[in-house]
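# Survey of secondary and tertiary structure
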Amino acid sequence: MPRIATVALVASALAAPLAAQSVCRPSASSNEARTLAIFSVPLAFGPATAPEILPGLWVGLEGAYLPKVDPATATPTICRPGQGPLNTDLLFALPRPRIGLPLPFGLALQASWIPPVRVAGAKANLFGFSLGKSFGRLDGLVAAIRAHGTFGSIRGPITCDDAALADPTSECFQGTRSDDKYSPNIFGADFSLGWTMVGGRLRPYLGGGYNRSEPRFQVNFTNQFGMVDSTRIEVNLNRGVVFGGATWQLADRLGVAGEVYAVPADAVTARLLVRAAIGPN
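Residues numbered from 1 in each chain as written. Predicted model: local features only at pLDDT ≥ 70, side-chain atom pairs only at ≥ 80, totals over all residues. Heavy atoms only, no water.

Position of Thr49 among the secondary structure elements: in the loop between helix 2 (31–43) and strand 3 (58–65). Discounting chain neighbours no more than four positions away, the residues touching Thr49 are Gln110, Tyr205, Thr247, Ala257, Glu259, Leu273 and Arg275. (Helix = DSSP H or I, 4+ residues; strand = E, 2+ residues; numbered from the N terminus. Contact = heavy atoms within 4.5 Å.)

A separate point is unusual backbone geometry. One non-glycine residue, Phe105, adopts positive backbone phi at about 65°. Relative to the helices and strands, Phe105 is located in the loop between strand 4 (93–102) and strand 5 (107–114). We note that Asn185 has phi near 50°; this positive angle belongs to a residue other than glycine. Mapped onto the secondary structure, Asn185 falls in the loop between strand 9 (180–183) and strand 10 (186–194). Given the relative accessible area of 21%, Asn185 is considered partly exposed. (Buried < 20%, exposed > 50% of the residue type's maximum accessible area, 1.4 Å probe, protein only.)

Per-chain confidence: the protein averages 89 in pLDDT, with 92% of residues scoring 70 or above. For the stretch residues 1–19, pLDDT sits under 50, and the model shows 6 contacts to residues farther than four places along the chain or on other chains. (pLDDT = per-residue confidence, 0-100.)

The subject of this paragraph is the state of the cysteines. Any covalent bond linking the sulfur atoms of two cysteines counts as a disulfide. Counted by the stated rule, this structure contains 2 disulfides. Here Cys24 connects covalently by a disulfide to Cys79, the sulfurs 2.0 Å from one another. When the S-S torsion is -80°, as for the bridge of Cys24 with Cys79, the disulfide is left-handed. Here Cys24, found in strand 2 (residues 23–24), pairs with Cys79, found in the loop between strand 3 and strand 4; they are 55 residues apart in sequence, far enough to count as distant. (Disulfide = S-S within 2.5 Å.)

What follows concerns the pattern of salt bridges. Taken as a whole and judged by the stated rule, the model has 14 salt bridges. Asp190 is paired through a salt bridge with Arg146; the nearest N and O atoms lie 2.6 Å apart. Of this pair, Asp190 sits in strand 10 while Arg146 sits in strand 8 (residues 142–156), and the two are 44 residues apart along the sequence. Comparing Asp190 with Arg146, the two get one shared label, buried. Across the pair Arg212 and Glu214 runs a salt bridge, and its minimum N-O distance is 3.1 Å. Among the residues examined, Arg212 registers a relative accessible area of 26% and is labelled partly exposed. Residues participating in the shared-partner salt-bridge network are Glu62, Arg96, Arg98, Glu259 and Arg271. (Salt bridge = Lys/Arg side-chain N within 4 Å of Asp/Glu carboxyl O.)

Grouped together as the largest cluster of nonpolar side chains are 39 residues, with contacts concentrated most on Leu36, Leu43, Phe217 and Tyr261. Elements that contribute at least two residues to this core include exactly helix 2, strand 7 (122–136), helix 3 (162–165), strand 16 (237–249) and strand 17 (254–263). Among the elements that take part in this core, helix 2 stands out by supplying 7 residues, more than any other. Setting aside anything within four residues of it in sequence, one finds Phe217 in contact with Leu36, Ile158, Thr159, Asp180, Lys181, Tyr182, Thr231, Arg232 and Ile233. (Core = buried A, V, L, I, M, F, W, Y, C linked by side-chain atoms within 4.5 Å.)

This is the structure in structure tokens:
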């Protein structure tokens, strides 16, 4: 009887999918950390507009360029050594709706949500927010301080895409397309200074700040033998940022803004925002 129970237990264990679960915390100089840091740059909730006094209620759509990660950097060195380059170029740009809300005491809130709709294999459920206050003159120099955050997740076949599944030299060969999860977890603060030109319709600005990024990456891949890889990669990063851009008021209620946002240690992105004022002037 004990032998039968032992055989049944072994058979049950063999029939169940195997799982490789671990938490990997690579150093800030590793390829894993560098790749996650590059991912974080366009996702940080930058100002996207020049600082302004008495902001109104508006809605807009931002598009942020997603910097490419070169194959050498995209190749893991610590957490999953031996794997080829990750599939990091799912999208060229990230669309992000925004809303700006004036608050009491001269404060202004911006918020954003990217709903979980899968596009080109990627599905985001991403939130952004900022709370700021501006100081200055209605017709001249304006300074602003701001706190911001980005949280939520992006899912996609980053570890093992279709090309890797068909590659006999890849550990992904004949497995199941991965559905990995990346959570940016970015919080920071910045300062900006803007001024007016062209009769007040053009408002250039410059600024800088600090970001605390705690990206988390969760592998979700099942290989051809039924083994599930759920490796979790955790990195904590502190970064200085610089940015600059301009807001152009095309009409009374319609404006467009462009911004270059850089984390010198990692990457540079560019943003374009089209916004429209709503409610009374």
